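Listed below are the residues making up each chain.
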Amino acid sequence: MYWDSKIETMEREELERLQYRLLKTLVYRLYSFSAFYHRRMEEAKVHPDDVKTLSDVTKLPFMFKRDLRDNYPDKLFMATQEDLVRYHVSSGTTGKPTVVGYTANDLEEWTVSLARALTSCGLGTKDVIQVSYGYGLFTGGLGLHYGAERIGATVIPTSVGGTERQIELMQDLGATAICCTPSYLLHMGEAAEKMGVSIKKDTKLKVGILGAEPWTAEMRTRIQDWLGIKAYDIYGTSELSGPLFTECTEQNGIHIWGDFAYTEIVDPKTGEHVGDGEKGELTMTILKKEALPIVRYRIGDITGMEHEVCACGRTHPRITRITGRVDDMLIIRGINVFPSQIEHTLMGIPEVGQHFQIVVDRKHELDALLVRVEVKPEAFSDKITDLMKIKEMVAHRLGAALTVNVDVELAEPGSLPRFEGKAKRVIDRRKM
Amino acid sequence: MEHERYFIKQISVFSENRPGRLAAIAKAMEEDGINIFAFSIAEADGFGVVRALVNHPDKAYRKLTGLGFVVSFTDVIGVKMRDEPGGLYEVARILGEAGINIEYSYAYSGKEAAVLILRVDNIRSAIEKILAHGGSLMEAAAFR
Ligand SMILES: [Zn+2]
């Protein structure tokens, strides 16, 4: 099922021609009407006429989160207040929040993007969709609300909180899909069991549209098996408009509508494109945005891109699950290393726990990466050789995953620091 | 043959190589009135395994796991060494010829003689071979 089969299954060449036309229009508009971007283009010595092909996008300067913060609240807007119909505000973890303004067309594009996405998850008029993302300044609630209404589903706008009531409504109104964070859904599952309700057996829920926080493939398996639903990853950030893109029923990457966004994956250090399938920083140009221009915006999320036509028939490229943030990236002997890669690798090694600590140091002018892991009590042996084997195996697995040499230190269980909220797992002695 | 009477229950404790870990183990034992008969530390790169023979292994296990240590039990044997040169070689030869591997060993001076504690890959067979060659083994009861 497609929402717009003509666009969604458009030949790749045709899609790229469309992208080029949209990009060209956008660049002229920015050059003419955005003081900020005009200046940026001047500084980069690029004129709209220099954009002659789609790949000329690389001539354009990047935008960063700090550009939005520095221009708080609305200095980047290309629409006047009369044209704006809504604001959303995201609270920054550091400093000022980011304000996003929307024209009526911006809201329309956002809604259409989600209508396509929700349809690609198999949802439609027969569905009752519980929107358990926060409604308000956060984009999750309202975004999915309008997307779900657009496809003709029935919306239960529960927003967040009041878990018991949410479960009652899920049962009484026969919700078939829920939109929320994966951790909230797990919390709901547990709360339901305490109430004597099995989401798998006692509700009609069959689909979860989950995102707004990082989650893993392992978490997906657990949610699907336990709750008896299909769990789909959703992606978007407030700067881009909000949640915009989801996986299709193939569950093999998130389709990024090409007529909506032009996606690049760049090396966070050099800004150069990485190869198809390789990990890098997600960089997007929103092709039709009116109020707040987003051009080659370095989102900071780490992912890879896949251009193969999907088994679902959609030709639009897909990004893989977000595996980390650029801010957490370490550069070890010139190679980009993400703590999330370490976490992911450790999850597949039963002999050690998931807690870890990274110590980066410089020895003999070379960067040295040490990963401290906790030995699981079940894996403990009184023989040093057995423990050395575990240590070497972990070092080998991490080395293969990160493509840098890793030293491993075995630590006592419970000895590594635990974190609530954002983990500070890296000790970088090179800076001291 | 009743092999079990020669099975000595050793406690093995995982420890990081950082100051105070050994002292913490010793202090915990003392607090609970547990006697340590024999003690050895095997060190590797960044960590170590503390092995000890104590009079109340189960009590020691509970105490140390309660403190967050990783502890396991291992059955070892104690060979009484004859007070003459070549005693150690003799034991190694007997086991080697029988195809039994010594995983590790450590010595301590018992009341009557020096005792060699052995962790082997086939404890039953090791007991049989040593006794058959006229060696003498510590009984587990001696450690209570
Ligand atoms: Zn697909």
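Residues numbered from 1 in each chain as written. Chains lettered and ligands numbered in written order. Predicted model: local features only at pLDDT ≥ 70, side-chain atom pairs only at ≥ 80, totals over all residues. Heavy atoms only, no water.

### Overview of the domain arrangement of chain A
Residues and elements named next belong to chain A. Here is the rule we go by: Here the limits of each domain have been adopted from an automatic or database domain assignment. We call two residues in contact whenever any of their non-hydrogen atoms come within 4.5 Å of each other. Computed with a 1.4 Å rolling probe, the buried area is the accessible surface lost when two parts are put together, summed over both parts. What counts as a salt bridge is simple: a side-chain nitrogen of Lys or Arg found within 4 Å of a carboxyl oxygen of Asp or Glu. Under this definition, polar contacts are N or O atom pairs within 3.5 Å; protein pairs additionally need one hydrogen-donor-capable and one acceptor-capable atom, and for neighbouring residues in sequence, both atoms have to be side-chain atoms. The classification used treats Ala, Val, Leu, Ile, Met, Phe, Trp, Tyr, Cys and Pro as nonpolar, Asp, Glu, Lys and Arg as charged, and all other residues, Gly among them, as polar.
For chain A, the domain assignment lists domain 1 (1–327) and domain 2 (329–431). Relative placement of domain 1 and domain 2: their C-alpha centres are 33 Å apart. In this assembly, eleven residues from domain 1 lie in contact with eight residues from domain 2. Roughly 730 Å² is buried in total at the junction of domain 1 and domain 2, and carbon and sulfur atoms are behind 58% of that figure. Applying the counting criterion to the domain 1 and domain 2 interface returns zero salt bridges. Between domain 1 and domain 2 we count four residue pairs in polar contact (both at pLDDT 80 or more) in total. A breakdown of the residues in the side of domain 1 that touches domain 2 according to their chemical character gives three nonpolar, three polar and five charged.

### Quick notes on the pattern of salt bridges
Our working definition: In DSSP terms, a helix is any run of H or I states spanning at least four residues, a strand is any run of E spanning at least two, and both are numbered starting from the N terminus.
The final tally for this structure, using the stated rule, is 34 salt bridges over all chains. Where A:K206 meets A:D127, a salt bridge forms, and the shortest distance between an N and an O atom there is 3.0 Å. Of this pair, A:K206 sits in the loop between α9 (199–202) and β6 (207–211) while A:D127 sits in the loop between α5 (104–120) and β3 (128–131), and the two are 79 residues apart along the sequence. Its salt-bridge partner being A:D361, residue A:R429 comes within 3.9 Å of it at the nearest N-O pair. Note that A:R429 is positioned in the segment after β21 (426–428) and A:D361 in strand β18 (residues 352–363), a separation of 68 residues in sequence. Here the salt bridges share partners, and the residues they tie into one network are A:R372, A:E409, A:E412, B:E16, B:R18 and B:R21.

### Comments concerning the interface of chain A and chain B
Facing the 17 residues of chain A at the interface are 25 residues of chain B. Of the roughly 1600 Å² buried between chain A and chain B on both sides combined, carbon and sulfur atoms contribute 61%. Contact with chain B buries area across many residues of chain A, yet A:F380, A:D382 and A:E412 alone supply 45% of it, more than any other trio. At the junction of chain A and chain B, the tally comes to six salt bridges. Close ionic contact of A:D382 with B:R119 constitutes a salt bridge, the shortest N to O distance being 2.8 Å. Counting across the chain A and chain B interface gives ten residue pairs in polar contact (both at pLDDT 80 or more). The set of elements that each furnish at least two residues to the side of chain A that touches chain B consists of β19 (366–375), α12 (384–402) and β20 (406–411) of chain A. Considering each element in turn, the side of chain A that touches chain B owes the most residues, four residues, to α12(A). Taken together, the residues of the side of chain A that touches chain B break down into nine nonpolar, two polar and six charged.

### Some remarks on the coordination of the zinc ion
All names here are of chain A. Convention followed: Each metal's donors comprise the N, O and S atoms found within 2.8 Å of it (within 3.2 Å for Na, K or Ca). Water is not part of the atom list, so some coordination spheres may appear incomplete. Every geometry call rests on angle ranges, with four donors termed tetrahedral when all angles are between 85 and 135 degrees, four termed square planar and six termed octahedral when opposite donors are over 155 degrees apart and all others are between 65 and 115, and everything else termed irregular.
Coordination of the zinc ion by the protein comes from C248 (SG), H255 (NE2), C310 (SG) and C312 (SG), over a distance range of 2.1 to 2.3 Å. Of note is the zinc ion, whose four donor atoms meet at the metal with angles of 102 to 115 degrees in an arrangement that counts as tetrahedral. Sequence positions of the residues that donate to the zinc ion give the spacing C-x6-H-x54-C-x1-C. Residue H255 is located in strand β9 (residues 254–255), and its partner C312 is located in the loop between β13 (305–306) and β14 (318–319); the two are separated by 57 residues in the primary sequence.

### Quick look at a negative patch on the surface
All names here are of chain A. Definition in use: A patch consists of residues whose relative accessible area exceeds 30% and which take part in no salt bridge; residues with like charges are grouped when within 9 Å of each other, and nonpolar side chains (Val, Leu, Ile, Met, Phe, Trp, Tyr) when within 5 Å. In this description, accessible areas are obtained by the Shrake-Rupley approach with a 1.4 Å probe, and a residue is regarded as covered only by the protein chains that are shown. The sign given to each residue is positive for Lys and Arg and negative for Asp and Glu; His and the chain ends receive no count. The atoms used to mark charge sites are NZ of Lys, CZ of Arg, CG of Asp and CD of Glu. The buried label goes to any residue with under 20% of its type's maximum accessible area, the exposed label to any with over 50%, and the partly exposed label to all in between, with areas taken from a 1.4 Å probe on protein chains only.
A cluster of like negative charges, contributed by E11, E13, E14 and E16, occupies part of the molecular surface. Residue placement: E14 occurs in helix α2 (residues 12–33). Since its relative accessible area comes to 36%, E14 is described here as partly exposed.

### Digging into unusual backbone geometry
All names here are of chain A. Put simply, Y72 and P73 share a cis peptide bond, and its omega is -10 degrees. Positionally, P73 belongs in the loop between α4 (65–70) and β1 (84–90). Positive phi, normally seen in glycine, also occurs at H364, with a value near 50 degrees. Here H364 lies in the loop between β18 and β19.

### Considerations on a nonpolar patch on the surface
All names here are of chain B. Judged by side-chain polarity, L22, I36, F39 and I41 come together as a nonpolar surface patch covering roughly 300 Å² of accessible area. The element best represented in the nonpolar patch is strand β2 (residues 36–43), accounting for three residues. Mapped onto the elements of the fold, I36 is located in strand β2. Using a relative accessible area of 34% as the deciding quantity, one classes I36 as partly exposed.

### A closer look at the domain arrangement of chain B
Residues and elements named next belong to chain B. Split by domain assignment, chain B resolves into domain 1 (9–75) and domain 2 (77–143). With centres defined by C-alpha atoms, the gap from domain 1 to domain 2 works out at 23 Å. Facing 13 residues of domain 1, the contacting portion of domain 2 comprises eight residues. Each partner contributes to the roughly 880 Å² buried at the junction of domain 1 and domain 2, and carbon and sulfur atoms together form 64% of this total. In this structure, the connection of domain 1 to domain 2 is made through zero salt bridges. On the surface where domain 1 and domain 2 come into contact, there are two residue pairs in polar contact (both at pLDDT 80 or more). Contributions of two or more residues to the side of domain 1 that touches domain 2 are made by β1 (8–16), β2, β3 (47–54) and β4 (70–80). The residue makeup of the side of domain 1 that touches domain 2, split by class, is six nonpolar, five polar and two charged.

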